[in-house]
Amino acid sequence: LPLAAHAQGPAALKPVEGKDYLSLDKRIPSDVGVGKIELIEFFWYSCPHCNAFEPTFANWVKNAPKDVVVRRVPVAFRDDFAPQQRLFFALEAMNLLDSLHAKVFTAIHAEKQPLNTEAAILDWVAKQGVDKAKFSETYKSFGVASKLKRAVQLQNDYKVEGVPSFGVAGRYYTDGTIAGSMERALKVVESLIAQSRTRT
């Protein structure tokens, strides 16, 4: 971990715009509802940093404030990221994220299964006891294709440079590079959420 992650004093104070986070030129609309604050985690299943950060973030999500709506958005910096985007959105559509999201990371990073093609993904999902035909249908569905488009749009709107990273309240962006570490980025996120409550 960078030394900054352990620093007390100034590092623990209120995050500074331009140094700890970036403000967007224009606000990105969301459909989370009045009085709610959207927090987006941008990630990629094959990213080792996302894998390392997942347990920390999953734990944070469990204890997230009631007015925060957490969304995970898989990125596609290249076309060959798309199968894993589809995997995520198909799992989401079938209400399987709670049981299988962390297992995808384990399969890729601990068991060294690439899961980067439709065939590999379908075989893996079937081994998890999921109906392969039903999953395949969902994976190729119009609904999932629409979510892919929306994910790429959000990635572009937030000007995502790398993952894991965060979009907060349609207004702010931060990541481990900007904030110094992912643990520090989470602290920045908490501060930005508090800041968003006072803005309408």
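Residues numbered from 1 in each chain as written. Predicted model: local features only at pLDDT ≥ 70, side-chain atom pairs only at ≥ 80, totals over all residues. Heavy atoms only, no water.

K.L.:
Explain the environment of Phe 43 here, please?
P.N.:
For Phe 43, the location among the structural elements is in strand β2 (residues 37–43). Phe 43 sits in the buried class, given a relative accessible area of 0%. A sequence separation of 42 residues divides Phe 43 from Gln 85, and the C-alpha atoms of the two residues are 9.7 Å apart. Not counting chain neighbours up to four residues away, the residues in contact with Phe 43 comprise Cys 50, Arg 72, Val 73, Pro 74, Val 75, Phe 88, His 101, Phe 105 and Val 163. (Helix = DSSP H or I, 4+ residues; strand = E, 2+ residues; numbered from the N terminus. Buried < 20%, exposed > 50% of the residue type's maximum accessible area, 1.4 Å probe, protein only. Contact = heavy atoms within 4.5 Å.)

K.L.:
How should I be thinking about the pairing of strand β5 (residues 172–175) in this particular structure?
P.N.:
When a strand is regular, its side chains alternate between the sheet's two faces. What you see with β5 is no split at all: Tyr 172 and Thr 174 on one side and Tyr 173 and Asp 175 on the other are buried throughout. Of the pairings in the sheet, the one linking strand β1 (residues 22–23) to β5 comprises 2 bridges and is antiparallel in character. Paired with Leu 22 across the strands is Tyr 173, a residue of β5. For strand β4 (residues 165–168) and β5, the ladder comprises 4 bridges, and the chain directions are antiparallel. The residue bridging Phe 166 from the neighbouring strand is Thr 174, located in β5. From the end of β4 to the start of β5, which pair antiparallel, there are 3 residues, and Ala 169 there has a positive phi angle of about 55°. (Pairing = 2+ DSSP bridges.)

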